[in-house]
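Letter by letter, the chains look like this.
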Amino acid sequence: MTQLHENIVGIDAAIFMHPTTWKASGHVDSFSDPMIDNKDSKKRYRVDHLIEAKAAELKGGGEAEAAEQLLAEMDRLLAADDYTGLRQLLDDQKIVCSVSKTANWTDIRQFNLMFDTQLGSVTEEANTIYLRPETAQGIFVNFLNVQKTARMKIPFGIAQTGKAFRNEIVARQFIFRMREFEQMEMQFFVRPGTELEWYEKWKQTRFDWHLSLGTPKEKLRFHNHVKLAHYANAAVDIEFEFPFGFKELEGIHSRTDYDLSRHQEFSGKKLTYFDTEINKHYVPYVVETSIGLDRMFLSILSNSYEEETITKEDGSTDQRVVLHISPKIAPVKLAIFPLTKKDGLPELAHDIYQKCAQQFRCFYEVKDAIGKRYRRQDAIGTPFCVTVDHQSLEDQTVTIRHRDSMEQQRIAINDLIQTVQAAMA
Ligand code: GAP
């Protein structure tokens, strides 16, 4: 965000903010999920999760149409906050608790997802403060500080990566849903009336970004929100096909001027911008892109992990674990291996390491057979390995091995940096 866009700057806001921030943002009153308890097992569930699980079961049993209808009905009832209707849907679908196997449910209730704690000593007058459930509000309350100090002109964005906390009743599916997770958010401030145009632009830009990292198109799709959050006038998810089905990876929301207006109202401080092009003061509208870093990591991992069977030259087979991640995001770009521990090979390999490590992350290893060293790098997705051998001492060339094809070629040491950088572009 901050590197590829000249009009986006970064920030690192606080996790604890004044409690009124969360009153203003609407989270104290409306950041909740409809929940239901099973009276026999005492287990608590999110109602939409129960219905989604039933839809997945129907789909698995060949009843795809019924599954779609069920999800559509759930969306309609959620959008209308119709808890009686949702409760009826659970009964009609004979949805039972996975532990007690009974349908002995309580009524549906709303549970706030924010974690709170006390500021100050408990014996003194204590104030409830919240751990931020999204990083976005830290950007809104700092909007003018950033705009003024970085001399930004609308349209411009503020981006941030940071922890967010939600009291998810069911944290599951590995790192898909957690109580403590990392968000990467960007708030883009625009002139009122242009927000839906920017919303469409950001939808496409974010989709293309996922494609540029090697995620195949057929594993991504848009899902429009039926029930809009309290702050949005348009919202869409980019869904990724995880091993457990298509699920939300990223959200793009047109948040109107809701947040800035509310902070203005609750803080008594003006949050307006003077637009010199049209000679007008206004509260900007905001288009937000919001993605879970952990969820992104899971999508990349599940898309690129392969246990590959390799047929060797003699016809026998072998297995390797390989991570087919784009060189752009591979943690290590180049591994450098001296063939042996002697004859000056480690020295030359170290020289190469020192040169290349100025440009991108490298890894040096001398232990074990070359084959084993290649396998370890395959498993963490290192796109290139080079081997320094006796010929290298004579003609300043090395063997470069490509992770996916396992092909090897001889190249000049002087061409190494350019070869790796070309793959990262
Ligand atoms: N500021 C808007 C916002 O927070 P959201 O759809 O609630 O919107 C944005 O969250 C993204 O954060 C999601 O698309 C998801 O990737 C990630 N996310 C949300 N809750 C999460 C959780 N409990 N565990 C891991 N990631 C989560």
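Residues numbered from 1 in each chain as written. Predicted model: local features only at pLDDT ≥ 70, side-chain atom pairs only at ≥ 80, totals over all residues. Heavy atoms only, no water.

*Asks:* Sorry if this is basic, but what is going on with the overall build of the protein chain here?
*Replies:* Scanning the protein chain from terminus to terminus reveals 14 helices and 21 strands. The buried share of the protein chain, taken over its 425 residues, is 45%. Carbon and sulfur atoms make up 50% of the accessible area of the protein chain, which amounts to about 21700 Å² in all. Positive and negative charge centroids in the protein chain, built from 53 and 62 side chains respectively, lie 2 Å apart. (Helix = DSSP H or I, 4+ residues; strand = E, 2+ residues; numbered from the N terminus. Buried < 20%, exposed > 50% of the residue type's maximum accessible area, 1.4 Å probe, protein only. Areas by Shrake-Rupley, 256 points an atom, 1.4 Å probe, with all protein chains shown as cover. Lys, Arg positive; Asp, Glu negative; His and termini not counted. Charge placed at Lys NZ, Arg CZ, Asp CG, Glu CD.)

*Asks:* In this structure, what is going on with helix α3 (residues 47-60)? I would like to understand it.
*Replies:* Since the α-helix turns once every 3.6 residues, residues separated by three or four places project in the same direction. In this model α3 runs 20 Å from its N-terminal to its C-terminal C-alpha over 14 residues, within 8% of the 20 Å that 1.5 Å per residue would give. After α3 finishes, the residue G62 shows a positive phi value of roughly 85°. (Expected span 1.5 Å × (residues − 1).)

*Asks:* Help me understand the packing of aromatic side chains, please; the structure alone is not making it clear to me.
*Replies:* Aromatic ring pairs are defined here through the distance separating the ring centres and the angle between the ring planes. Evaluation of the coordinates by the stated rule reveals 14 aromatic pairs. Taken together, a centroid distance of 4.8 Å and an interplanar angle of 55° make the contact between F188 and W198 tilted. Separated by 10 residues along the polypeptide, F188 in strand β8 (residues 180-190) and W198 in helix α8 (residues 195-212) bring together distant segments of the chain. Residue classification places F188 among the buried residues on the basis of a relative accessible area of 1%. With 5.3 Å between their ring centres and 65° between their planes, F188 and W202 make a pair best called edge-to-face. Placement of F188 in strand β8 and of W202 in helix α8 is noted, with a sequence separation of 14 residues between them. With respect to burial, F188 and W202 carry one shared label: buried. Put simply, the rings of F140, F143, F156 and F189 pair up and form one aromatic cluster. Seen from the ring of W198, K201 lies directly overhead, with NZ or CZ sitting 4.3 Å from the centre. Sitting over the face of the ring of W209, R206 holds its NZ or CZ atom 4.2 Å from the ring centroid. (Phe/Tyr/Trp six-rings, centres within 6.5 Å; stacked < 30°, edge-to-face > 60°. Lys NZ or Arg CZ within 6 Å of the ring centre and 35° of its normal.)

*Asks:* Mind showing me how you'd approach the site of the ligand here?
*Replies:* Looking at the ligand, there are 22 residues lining it, with E134, R166, M178, E185 and E248 nearest. Contacts to the ligand include Q183, whose side-chain N or O atom sits 3.0 Å from an oxygen atom. At 3.0 Å, a side-chain N or O of E288 approaches a nitrogen atom of the ligand. Contact with the protein chains covers 94% of the free accessible surface of the ligand, which is 560 Å². Mapped onto the shell around the ligand, the elements with two or more residues apiece are β8, β11 (245-256) and β14 (285-292). At six residues, the largest contribution of residues to the shell around the ligand is made by β11. When grouped by side-chain class, the residues that make up the shell around the ligand number seven nonpolar, five polar and 10 charged. (Near = heavy atom within 4 Å. Polar contact = N/O pair within 3.5 Å; in protein donor to acceptor, adjacent residues only side chain to side chain. Nonpolar A, V, L, I, M, F, W, Y, C, P; charged D, E, K, R; others polar.)

*Asks:* Would you mind going over the sheet that holds strand β19 (residues 384-388) with me for this structure?
*Replies:* Remark on secondary structure: sheet strands pair via backbone hydrogen bonds, oriented parallel or antiparallel. Read from one edge to the other, the open sheet built from five strands follows the order β18-β17-β19-β20-β21, with strand pairing classed as mixed. Two strands in the sheet have a free side with no partner beyond their single neighbour: β18 (362-364) and β21 (408-412). Taken pair by pair, the neighbouring strands of this sheet meet at an average axis angle of 30°, ignoring direction. By the bridge criterion, five bridges tie strand β17 (residues 334-338) to β19 in an arrangement that is parallel. Residue pairing across strands places I336 opposite V386, the latter belonging to β19. Along the sheet face, helix α12 (residues 370-379) touches β17, β18, β19, β20 (397-402) and β21 and points at about 170° away from the line of β17. The strands that helix α14 (residues 416-424) touches are β17, β19, β20 and β21; relative to β19, the one it contacts most, it runs at about 165°. (Pairing = 2+ DSSP bridges. Axes fitted to C-alpha atoms, helices over the stretch in contact; angles between N-to-C directions. Contact = heavy atoms within 4.5 Å.)

*Asks:* When you look at the environment of I8 in this model, what are you seeing that I'm missing?
*Replies:* Considering the arrangement of structural elements, one finds I8 in strand β1 (residues 8-10). With 260 residues separating them in the primary sequence, I8 and G268 have C-alpha atoms 27 Å apart. Here I8 is in contact with M1, T2, M152, G157, I158, A159, M186, F188 and W202, once residues within four sequence places are set aside.

*Asks:* Honestly, the pattern of salt bridges in this entry has me stumped. Any pointers?
*Replies:* Think of it this way: side chains of opposite charge can pair up when their charged atoms draw near. For the structure shown, the criterion picks out 29 salt bridges. In this structure, R46 and E168 form a salt bridge, with 3.6 Å as the shortest nitrogen-oxygen distance. Of this pair, R46 sits in strand β3 (residues 44-46) while E168 sits in the loop between β7 (156-165) and β8; the two residues are 122 residues apart in sequence, bridging distant segments of the chain. By relative accessible area, R46 is classed as buried at 12%. The salt bridge involving E52 is made with K247; its shortest N-O contact spans 3.8 Å. Taken together, the residues E52 in helix α3 and K247 in strand β11 connect sequence positions 195 residues apart. (Salt bridge = Lys/Arg side-chain N within 4 Å of Asp/Glu carboxyl O.)

*Asks:* Can you help me understand the packing of α3 against helix α5 (residues 83-92) in this one?
*Replies:* Axis angle and axis distance: for two packed helices, these are the angle between their axes and the distance between the axes, and together they describe the pair. α5 packs onto α3 with a crossing angle of 35° between their chain directions and a minimal axis gap of 11 Å. As α3 packs across α5, the resulting crossing turns out to be left-handed. Note on element contacts: α5 touches α3 through L86, L89 and L90, opposite V47, L50 and I51. Taken together, the residues of the contact of α3 with α5 break down into six nonpolar, no polar and no charged. (Left-handed = near helix turned anticlockwise from the far one by under 90°.)

*Asks:* Could you clarify how one ought to interpret the layout of surface pockets in this entry?
*Replies:* Where empty space is left can be seen by rolling a probe of water-molecule size over the atoms. One number sums up the size of the second largest pocket: a volume of about 1000 Å³. Elements supplying a minimum of two residues to the lining of the second largest pocket: β7, β8, α8, β14 and α10 (293-304). Of the residues belonging to the lining of the second largest pocket, the class tally is 19 nonpolar, 10 polar and five charged. The residue makeup of the lining of the second largest pocket includes at least three contributed by each of domain 1 (8-31 + 113-300) and domain 3 (325-424). (1 Å grid on protein atoms, 1.4 Å probe; cavity = no way out; pocket = protein on both sides within 12 Å on 5 of 7 lines; lining within 4 Å. Points joined across faces, edges and corners; volume = space filled by probe spheres on them. Domains from an automatic or database assignment.)

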